[in-house]
Structures are given as C-alpha cells and as structure tokens.
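One letter stands for each residue in the lines below.
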Amino acid sequence: MNPDTVQSLDRSDGRPSFLGHGVGLRRDHFERVLSGPTVVDWFEVLSENFMVEGGRPPDVLTRVRERYPVVLHGVSLSIGSTDPLDEAYLDRLDALARRFQPAWVSDHLCWTGVGGRNAHDLLPLPYTEAALDHVVARLQRVQERLGRPIALENVSSYVAYKHSALPEWEFLAEVARRSGCGILLDINNIYVSARNHGFDPRVYLQGIPPHKVWQFHLAGHSDKGAYLLDTHDHPVIDPVWDLYREAILKFGPVSTLIEWDDRIPAFERLEQESQRARAIHDETLPRPAESAVVTAAPAGRPAGLGTQP
Ligand SMILES: [Fe+2]
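Residues numbered from 1 in each chain as written. Predicted model: local features only at pLDDT ≥ 70, side-chain atom pairs only at ≥ 80, totals over all residues. Heavy atoms only, no water.

What follows covers the coordination of the iron ion. Protein coordination at the iron ion: the donors are E153 (OE), D186 (OD), H217 (ND1) and E259 (OE), at 2.0 to 2.3 Å from the metal. Note that the iron ion binds four donor atoms; their angles at the metal cover 87 to 178°, and the shape is irregular. Positions of the donor residues of the iron ion along the chain correspond to the pattern E-x32-D-x30-H-x41-E. Within this pair, whereas D186 is found in strand 8 (residues 182-186), its partner E259 is found in strand 12 (residues 255-259), the two being separated by 73 residues in sequence. The same class applies to D186 and to E259, which are both buried. (Donors = N, O, S within 2.8 Å, 3.2 Å for Na, K, Ca; no water. Tetrahedral: all angles 85-135°; square planar, octahedral: opposite > 155°, others 65-115°. Helix = DSSP H or I, 4+ residues; strand = E, 2+ residues; numbered from the N terminus. Buried < 20%, exposed > 50% of the residue type's maximum accessible area, 1.4 Å probe, protein only.)

Spelled out as structure tokens, the structure:
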C-alpha cells in the first residue's frame, strides 16, 4: 500500500469520511446536474462508463467532480472468478481513479464469467474456505495494484451452492477482515436475498462488523411472486426503508446512495428518494457535525480528505 492508502481512511475507526446522501449519475441527468444546484451531496458513477478517451462522459465527470465528491463503482472486476485478473481493466481503473480522485472505489463480491466468457451478470460465490482464500488473495493483488483498499458489495442472488459452509454475511465479513477491504452494504440486496433464500435480514446486519461498512445502497426491486428480482426500476419499498433504519442504528452514519438504473425517472424524483433517506438518517441519528460531512473537494485532492488536516 502506498501512503495515500492510509490518508484515504480518515475516520477514527478506519472508515472513509461520511459523504452524506448521493445518487447514481446517469446519462439522462447529465444536463440537469450540470445546469444548476441539486440537493444531493455526492454522486456514484459506473466506472466502465467513463473508461474512454475523450468524448462527453469524461468531460461531464470532470465538471461534476469540481462540485461534488464522486465514488467509482465497477461491475467488471470479477473478483471471484478463476480466470486471471484482467490487468488491462485494472490499468484503466487505476487511471480513472488517478484522474478523478474518487472518495473510494468499489465493485462486487461475485464472479461474472469464466474461461474468457462473460455471463453479463453478478453471480454469487460458494461460501467456502477455499473460495475465501481465493477471493482474499485476488483482492490483495487488486488493492496493491490500485494502491488503495476498495469496497466490495453484497449482490442479490437467486441460487445458492449446496457446498457453501458459511452464511453470506460471515463470508463477506471475513473477506473484509482478511483483505482489509471495506464493505458496500446494499440494504435492498440483503432484503431480496433474504426473501429468496429464507434467511432473516436482521441476522445479516448483525453479522457485519460496523467499522468495515463504508457505504449503503438502496434501490427498488420487483416482486415476482415466487421470488424477488433486483430490478432497480422502482422506488425503495417500506420494508427496505425499515431495514435501512436498523442499519443506521447498528452502523452509524454511512454514506448512502439511491440506485435507479432502469425506467429512470426525472432527476427530481431521485432527489426526493435521496431526501427520504436523509430524513430517515436524521430522525434515527443525531445530525453529524458539519465538519464531519465532506463537501465538494477541490480538484486534485481526494474527496474524503476535504475536512481533514
Ligand atoms: Fe447495489
């Protein structure tokens, strides 16, 4: 790890700074975001959408980054695959992080393909000791390559493996403990998987160490009757808001992001959803001191360090 790694972990318990309440930056909203003020505190962008030389997306992100903290969220790391790590992808991700200085970089605890074939889906892992060793070793190489710890997100799932020996939350917590990575805890994914597999989502929360949780995701899903499908095309439902309340009580102030990736509404609807998350946070916990909330970090200086000496 280089010295920046230490600097980027700047809360007393080792977590990055609390950014407040953000939304995903989507192409449909570029003009709206650039043209005036918003009520959101930060934006998450899909890393792969900005791994291009020139053109509009990098230009838009440069201008957004001048005003807001940004987090890079990827879907292509495939940390659980048995294929070799994609060094060219890591090079592009490293260049993107150096250019835009995100508060942190995240991807998913999953695999997306094998034998060079891409499943175009975020697939769950078998939760075994062998898989744990495999993921931790690869994650350590990724973090060395990027010069920073990253955060991994729990995926929603529809299948499980008979030979899994650990519940998902124990596997995720152990990956974080052994590798030094953070956790992006998707509250909706916990709810979806809990319904699909028949576990108690509150037990999942209890199994996650608070000092490892860097970020929450909230999203809507679709009820297909026999199972829940993580579609990101609806508002967050009340039971997920309830679970979010419990997560805040357990984990304290955690940077929270609304995901809405399909049937994307007007930006103002996303702002409403983010404001609802903020209201729940504020009524659940005392508002953090202003100095603890990161506002737009000057270009060239990592967000998350804005209020630190
Ligand atoms: Fe998510």
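The residue S274 is located in helix 10 (residues 267-284) in this model. Beyond its immediate chain neighbours, meaning those up to four positions away, S274 contacts H21, G22, V23, V40 and I258. (Contact = heavy atoms within 4.5 Å.)

Turning next to the packing of helix 4 (residues 87-100) against helix 5 (residues 129-146). As a packed pair, helix 4 and helix 5 sit with axes 10 Å apart at the nearest point and diverge in direction by 40°. Judged by the angle between their axes, helix 4 and helix 5 are oblique. Handedness of the helix 4/helix 5 crossing: right-handed. Together, E87, L90, D91, L93 and D94 of helix 4 and R141, V142, R145 and L146 of helix 5 make up the contact between the two elements. Its residues assigned to classes, the contact of helix 4 with helix 5 comprises four nonpolar, no polar and five charged. (Axes fitted to C-alpha atoms, helices over the stretch in contact; angles between N-to-C directions. Parallel < 35°, antiparallel > 145°, perpendicular 65-115°, else oblique. Left-handed = near helix turned anticlockwise from the far one by under 90°. Nonpolar A, V, L, I, M, F, W, Y, C, P; charged D, E, K, R; others polar.)

What follows deals with the confidence of the model for the protein. When pLDDT is averaged along the protein, the result is 90; 89% of the residues meet or exceed 70. Of the regions scoring below 50 in pLDDT, residues 1-8 engages in eleven contacts with residues more than four places distant in sequence or in other chains. Across residues 296-309 the pLDDT falls below 50, and counting only partners more than four positions away or on other chains, this stretch makes 29 contacts in the model. (pLDDT = per-residue confidence, 0-100.)

Our next topic: the nonpolar core. Judged by nonpolar contacts, the single largest core of 75 residues is most densely connected at L185 and F216. Excluding its chain neighbours within four sequence positions, the residues that come into contact with F216 are L184, L185, I187, Y244, A247, I248, F251, V254, S255, T256 and L257. The next biggest cluster of nonpolar side chains, apart from the first, holds nine residues, and it includes L19, W104, A151 and W214. (Core = buried A, V, L, I, M, F, W, Y, C linked by side-chain atoms within 4.5 Å.)

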